[in-house]
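Listed below, chain by chain, are the residues.
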Amino acid sequence: MATDDRGLIRNTADAPAVRVRNLHRSFSENGGVLDGLDLDIAPGEFVALIGRSGTGKSTLLRALAGLDRDVAGYGQIRVPDAVSVVFQDSRLLPWKRVLDNVVFGLRAGDAAERGGQALAEVGLAGRERAWPDELSGGEQQRASLARSLVREPALLLADEPFGALDALTRIRMHALLRKLCEVHRPSVLLVTHDVDEAIVLADRVILLDAGVVRTDVRVELPHRSQADPGFAELRAFLLDQLGVNDLTAEVTA
Amino acid sequence: MTTTGAIDALTVAKATVPGAGAPKTDARVVRRRLGPGRRIRFAFWVGPILLLAVWAIGSKVGVINPAVLTAPWDVAQAFQDQWVNHDLGGDIAASLERAGLGLAFGVVGGTLLAVTSGLSRIGESLIDGPIQIKRSVPTLALIPLFVAWFGIGQEMKIVTIALISMIPVYVNTHNGLRSIDGKYAELAETIGIGRGEFIRHVVLPGALPGFLLGMRFAVTSALLGLVVVEQYNATSGIGHMMTLAEEYGETDVLVVGLVLYGVFGFLADTAVRLTERRALSWRRTIEG
Ligand SMILES: Nc1ncnc2c1ncn2[C@@H]1O[C@H](COP(=O)(O)OP(=O)(O)O)[C@@H](O)[C@H]1O
Ligand SMILES: [Mg+2]
C-alpha cells in the first residue's frame with residue numbers, strides 16, 4: 001500500500017480506498033494532461049469518470065493502475081493492494097481456455113473452483129473449456145469481468161469496458177456489473193463516454209476537464225433508471241457540463 | 001409485445017415441424033469460399049505419391065533413361081541389397097543420430113537465445129548482432145574451420161548441424177516473440193505475475209507459431225547439413241554409403257541415398273506440421 005502525503009498509512013473506517021493528491025501527468029513539454037488532480041474514493045463506492053475525448057481519463061486510470069511508468073509527472077497516489085483492471089478489449093489470452101484465462105496468475109489451491117464460480121456468476125457456466133475466440137464480444141467481456149472479480153479486488157478500474165459492445169448487450173452488462181458490485185463491494189472507478197451509463201451505474205459521477213475534476217455529483221436516484229424524475233435533469237446537467245448544448249442534447253436523446 | 005411473441009412462436013413451430021412427405025428444401029445463401037476450404041484426409045501424401053507414379057510410369061515407358069535415373073523397382077532392389085549385405089539399417093541409424101542430436105542442440109540453443117534477446121535489451125545487444133553476422137556467413141563455408149577445431153569426427157558434424165538449424169529457430173522465434181501484442185504484457189503486469197510465469201504463459205505460447213515455422217526450416221537445414229558433413233570421412237551413415245556408391249559407379253545406390261534423405265525430410269516436416277495443428281488449435285486461421 002502506498003503512503004499518503006504525510007507518509008502515514010491510515011486504516012480507519014472512514015479512510016478513502018483511493019486518495020489522489022496534486023497529480024500531474026504530461027506527455028510533452030507544453031502542458032500537462034493531468035494538472036493537479038485531487039480525488040478520493042470511499043471503500044465500496046462506485047465512481048463514474050466522464051469527460052471529453054482526450055481529457056486524460058485513461059491517463060488517470062493508468063496512473064492508478066500503475067501502468068504509466070514511462071509518463072512524466074508527480075503527485076501522491078494511494079490505492080489498495082488488490083487492484084483489478086478491466087480493459088475495453090477483453091484481453092483474454094487467445095491460447096488459453098476461458099477458465100485458464102480467468103484464473104491466470106492465481107496461486108490459491110482452489111483457483112479452478114473459484115474460477116468456475118466466477119464464470120457462473122457472470123453467466124458463463126459450462127464455457128470453461130471454450131477458446132476465447134469462440135465467445136461473442138459480450139461473453140469475452142464477461143469472462144474478463146470474471147477474471148477481475150475472482151481476485152477479490154478492493155479497487156476495480158475499468159476503462160470504457162462496454163465501449164465496444166452493442167446497445168442491448170451493454171444494458172445486460174450494466175445489470176450484471178451492478179449485481180457483481182453489490183456482492184463483492186469493491187471501490188470502482190469506471191471510465192465511460194456515455195452519460196446515461198454513468199448515471200445508471202454510479203454512486204457518484206465526476207467530470208474531468210483541463211486536467212482536474214471539474215464536476216463531482218452524487219447520484220441519488222432511487223430506481224437508477226430513466227423513469228426517475230431526476231434522471232433527465234442530471235443528464236442534462238452533465239451534458240451541459242460536457243459542453244454539449246441543449247439543442248444537441250435534444251437531438252441525441 | 002405478447003402478440004408478437006405468440007406469432008413468433010407460431011412461425012417457429014411451423015418451421016421446425018415440416019409436413020409429412022414435404023421435400024426438405026434448403027434455401028440458404030452461401031458465399032463463395034475464398035480460403036482453401038475443408039481439409040482433405042491424407043492430403044499430405046497426394047503430391048509425393050503422384051511424383052512416385054510419374055517416376056514409375058516414366059521408367060516403364062522408357063521416357064526416363066535408367067542411366068540418368070534408376071527405375072523405382074531397381075532402387076527397391078538396391079535398397080534390399082544394401083539392407084541385407086551392407087548394414088543399411090546401421091547407416092540410417094547413424095545418420096538419424098547425427099541429424100537428431102544436431103537439431104536438438106540447435107533448437108534448444110536457438111530458442112534460449114531468442115527468448116533472451118527478445119526479452120532483455122542487454123541480451124539483444126549481446127546476441128542479436130552476432131547472430132545476424134553469423135546469418136550472412138553460410139554455415140557450410142565454416143566447415144573447414146570446424147574441421148580444424150573439432151577434427152573430422154562426430155563432434156564437427158553435430159556442431160555444424162546444430163549451427164545450421166539454430167539460425168532459423170532463432171530468427172523466427174525472435175520475430176514471433178517480438179510481435180506478441182504489448183497489451184498482453186500490460187495485462188500480465190496488472191495481474192501481478194513474475195517474469196517466469198510471464199515467459200511460460202504469455203511469451204512462449206505467443207511465440208509458438210514463429211517457433212514452429214522456424215522448426216520447419218530447421219529440419220530441412222539439418223538434413224542439408226547432414227548431407228554435407230557426411231561427405232567428410234564418415235565411416236557410417238547414408239552419406240558414407242553414397243560416397244562408396246560413387247566410387248563404384250552404383251547409380252541405384254546413390255538414388256537409394258537420395259530417396260532416404262527425401263523421405264526423412266518429408267516425414268520430419270509432416271511431424272512439425274501435425275504438431276503445429278495440435279499446438280495451435282486455438283487459432284482460427286485460413287489453414288482451418
Ligand atoms: N502514449 C501517449 N503518448 C503521447 N500522448 C498521449 C499518450 N497517451 C495519451 N496521450 C495524450 O494525452 C491526452 C489524454 O489522453 P487519454 O488519457 O487517453 O484521454 P481519454 O482517455 O480521456 O480520451 C490526449 O491528448 C492524448 O493525445
Ligand atoms: Mg481513453
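Residues numbered from 1 in each chain as written. Chains lettered and ligands numbered in written order. Predicted model: local features only at pLDDT ≥ 70, side-chain atom pairs only at ≥ 80, totals over all residues. Heavy atoms only, no water.

Re the overall build of chain B
Definition in use: Under the scheme used here, helices are H or I runs from DSSP no shorter than 4 residues and strands are E runs no shorter than 2 residues, and both carry numbers assigned from the N terminus. In this description the radius of gyration comes from C-alpha coordinates, and the expected globular size is given by 2.2 Å times residues to the power 0.38. Only protein chains enter the accessibility calculation, which uses a 1.4 Å probe. A residue is then buried if its area is under 20% of the maximum for its type, exposed if over 50%, and partly exposed in between. Any two residues whose heavy atoms approach within 4.5 Å are treated as being in contact. Exposure was quantified through the Shrake-Rupley algorithm and a 1.4 Å probe, taking into account, for residues, occlusion by the shown protein chains and nothing else. When charges are tallied, Lys and Arg are placed among the positive residues and Asp and Glu among the negative ones, while His and the ends of the chain are skipped. Throughout, a charge is located at the NZ atom of Lys, the CZ atom of Arg, the CG atom of Asp or the CD atom of Glu.
Along its length, chain B carries 11 helices and zero strands. Order of helices (α) and strands (β) in chain B, N terminus to C terminus: α-α-α-α-α-α-α-α-α-α-α. By the compact-globule yardstick of 19 Å for 288 residues, chain B is too spread out, its C-alpha radius of gyration being 27 Å. Once the C-alpha set of chain B is aligned to its principal axes, its extents read approximately 95 × 65 × 30 Å. Out of the 288 residues belonging to chain B, those deemed buried represent 36%. Considering only residue pairs separated by 6 or more positions, chain B has 75% of its internal contacts joining residues 24 or more positions apart. Accessible surface, chain B as shown: approximately 17,500 Å² in total, 65% of it carbon and sulfur. The distance from the centre of the 25 positive side-chain charges to the centre of the 22 negative ones in chain B is 16 Å.

Topic: the UniProt feature "transmembrane region" (unreviewed entry) in chain B
Residues and elements named next belong to chain B. Heads up, the condition is: UniProt positions are given in the numbering used here, feature names are shortened, and annotations may be inferred rather than shown by experiment.
The positions UniProt marks with the feature "transmembrane region" (unreviewed entry) are residues 40-58, 101-123, 135-152, 158-177, 198-219 and 253-274. Helix and strand shares over residues 101-123 are 96% and 0% respectively, and the end C-alpha atoms of the span are 26 Å apart. Along residues 158-177 one finds 100% helix and 0% strand; the C-alpha atoms at either end are 27 Å apart.

Comments concerning the interface of chain B and chain A
Selection criterion: Buried area: the accessible surface (1.4 Å probe) lost by two parts on joining, summed over both. Any carboxyl oxygen of Asp or Glu that lies within 4 Å of a side-chain nitrogen of Lys or Arg is treated as forming a salt bridge with it. Whenever two N or O atoms come within 3.5 Å, that pair is a polar contact, provided that in protein one can donate a hydrogen and the other can accept it, and provided that, for residues adjacent in sequence, both atoms are side-chain atoms. Side-chain classes are defined by residue name, with Ala, Val, Leu, Ile, Met, Phe, Trp, Tyr, Cys and Pro counting as nonpolar, Asp, Glu, Lys and Arg as charged, and the others, Gly among them, as polar.
Between chain B and chain A, the residue contacts involve 18 residues of the former and 20 residues of the latter. Across the chain B to chain A interface the summed buried area is about 1,900 Å²; carbon plus sulfur atoms make up 61%. Counting every contact that joins chain B to chain A gives five salt bridges. Two residues, R62(A) and E186(B), come together in a salt bridge whose shortest N-O distance is 3.0 Å. Applying the counting rule to chain B against chain A returns eight residue pairs in polar contact (both at pLDDT 80 or more). Of all the secondary structure elements, the ones that give two or more residues to the side of chain B that touches chain A are α8 (182-191) and α9 (195-229) of chain B. Here the element with the most residues in the side of chain B that touches chain A is α8(B); it accounts for seven residues. Looking at side-chain class alone, the side of chain B that touches chain A contains seven nonpolar, six polar and five charged residues.

As for the site of ligand 1
Residues and elements named next belong to chain A. What counts, and what does not: Residues are labelled near a given molecule or strand when at least one of their non-hydrogen atoms is within 4 Å of it.
Close to ligand 1 lie F27, V33, R52, S53, G54, T55, G56, K57, S58 and T59. At a separation of 2.8 Å, an oxygen atom of ligand 1 approaches a polar backbone atom of G54. Between ligand 1 and T59 there is a distance of 2.5 Å, counted from an oxygen atom to a side-chain nitrogen or oxygen. Class assignment of the residues belonging to the shell around ligand 1 gives a composition of two nonpolar, six polar and two charged.

Details of the sheet that holds strand β4 (residues 72-78) of chain A
All names here are of chain A. As a reminder, the rule being used: Two strands pair under a simple rule: DSSP has to find at least two bridges between them. A fitted line through C-alpha atoms represents every axis, and for helices the fit uses only the stretch in contact; the resulting angles, taken between N-to-C directions, go from 0 to 180 degrees.
One open sheet holds the three strands; their spatial order is β2-β1-β4, and the pairing between them is antiparallel. Two strands bound the open sheet, and with one partner strand each, they are β2 (34-41) and β4. Within this sheet the neighbouring strands show an average axis-to-axis angle of 10°, counted without direction. Direction of pairing for strand β1 (residues 18-26) relative to β4: antiparallel, over a ladder of six bridges. In the strand pairing of β4, R25 is matched with G73. In the packing of helix α1 (residues 57-65) onto the sheet, contacts are made with β1, β2 and β4, and the angle to β1 comes to roughly 120°.

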